[in-house]
Amino acid sequence: MRVTRNLPAVAAGAVDVPFVIKGYEEVVAADTAWNDHSHPWHELLWNERGTSTAVVGSQVWCITPTLGLWMPAGRLHSASAVAGTSYRAHFFRHGTLSALPDEPVGVEITPLLKLLLERLEEADLSPRSRTVTETMVLDVLRPSPRALLVQLPTSALLRPIVDAVRADPAGRRTLTGWASALGCSPRTLTRAFRAETGSSYVRWVAAVRAQHAVRLLARGFEVDVVADAVGYRSASAFGAAFRRTTGMTPGRFRAH
């Protein structure tokens, strides 16, 4: 069963709110999708358990317990989460200053940041302690050097590659093989990938595989099964690549 939720598109700052930072938590009982929408406040998305996805234009972001996503106020986006995901959202009043840009960006959910956000949920927190804690949250928020991000090419030239790799991340067709199949030169495809995604074909495929792996692990698949499903010849090679991308081993992520 898949549930679709409809939310409105609201401009940045269009609604005055009485909070600086406000938290929300939910465990989704079924696979859930949210339509294109936007908020009048900034939003920090992360998960206590499981995985979710946010789509901003041609960007596909995967959100995990260690990699969150900063969504600026007024930015149109859609989202989805697999059944059993415990997702967290922290809303930041529009105009609140932090070191984060006015663009979607990955945020590392460090133990310190998590503790500070949890402290804000304490019912008996005094106004002074809340102000101090909110200041500390804004101080430690930083863009992450890692991100589970796939930039989707949109040109007709690259569309067959995008569709095929996303449908079967374990596929082993090389850029040269694709060039032959599409009747163009490898150099043409290399330039197109660089122009549309900012990365090489190999790195783009690795990002697609990482996102697919996260979703499978969140559904409880064994690590060796996931490694095979995303095109790695061994669980150890997959584990090393997964840890470089997410900061967690596949086994630890699966246990969340």
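The sections below set out a description of the structure shown in this document. Residue indices follow the written sequence of each chain, beginning from 1 at its first position. Only residues with pLDDT of 70 or above have their local features reported here, since the model is predicted, and side-chain atom pairs are shown and tallied only from 80 upward, although totals for entire chains, interfaces and linings are computed over all residues. Only hydrogens and water are set aside when side-chain values are computed; all heavy atoms of the structure are taken into account.

1. Comments concerning the environment of glutamate 122
No. 1: By secondary structure assignment, the location of glutamate 122 is in the loop between α1 (111-119) and α2 (127-140).
No. 2: Look at glutamate 122 and you get partly exposed, because its relative accessible area is 38%.
No. 3: Here the alpha-carbon distance between glutamate 122 and threonine 64, two residues 58 residues apart in the chain, equals 24 Å. Strands here mean DSSP runs of E at least two residues long; helices mean DSSP runs of H or I at least four residues long; both are numbered from the N terminus. Partly exposed residues are those whose accessible area sits between 20% and 50% of the maximum for their type, while under 20% is buried and over 50% is exposed, using a 1.4 Å probe and protein chains only.

2. Details of the packing of helix α3 (residues 159-167) against helix α6 (residues 201-218)
No. 1: All axes are obtained by fitting lines to C-alpha atoms, using only the stretch in contact for helices, and the reported angles, taken between N-to-C directions, cover 0 to 180 degrees. Running from amino to carboxyl end, α3 crosses α6 at an angle of 40°, the nearest separation of the two axes being 10 Å. On the basis of their axis angle, the class for α3 and α6 is oblique. Helix-helix and strand crossings are classified by hand; for α3 and α6 the assignment is right-handed. Along its contact with α3, which presents Ile161, Val162, Val165 and Arg166, the element α6 presents Tyr201, Trp204, Val205 and Val208.
No. 2: Side-chain classes are defined by residue name, with Ala, Val, Leu, Ile, Met, Phe, Trp, Tyr, Cys and Pro counting as nonpolar, Asp, Glu, Lys and Arg as charged, and the others, Gly among them, as polar. Across the contact of α3 with α6, the residue classes tally to seven nonpolar, no polar and one charged. Put simply, angles under 35 degrees are roughly parallel, angles over 145 are roughly antiparallel, angles from 65 to 115 are roughly perpendicular, and the rest are oblique. By convention the crossing between two helices is left-handed if the near helix lies anticlockwise of the far one by an angle smaller than a right angle, and right-handed if it lies clockwise. Whether two residues touch is decided by their heavy atoms; if any such pair falls within 4.5 Å, the residues are in contact.

3. So, α2
No. 1: Here α2 is 14 residues long and its end C-alpha atoms lie 20 Å apart, about the 20 Å a rise of 1.5 Å per residue gives.
No. 2: Ser129, Thr133, Glu134, Val137 and Leu138 are the residues of α2 that are buried.
No. 3: For α2, the secondary structure elements touched by its buried residues are β2 (21-27), β9 (86-92) and α1. The length a helix should cover is 1.5 Å for every residue beyond the first.

Note that all results are geometric; they support no functional claim without further evidence.
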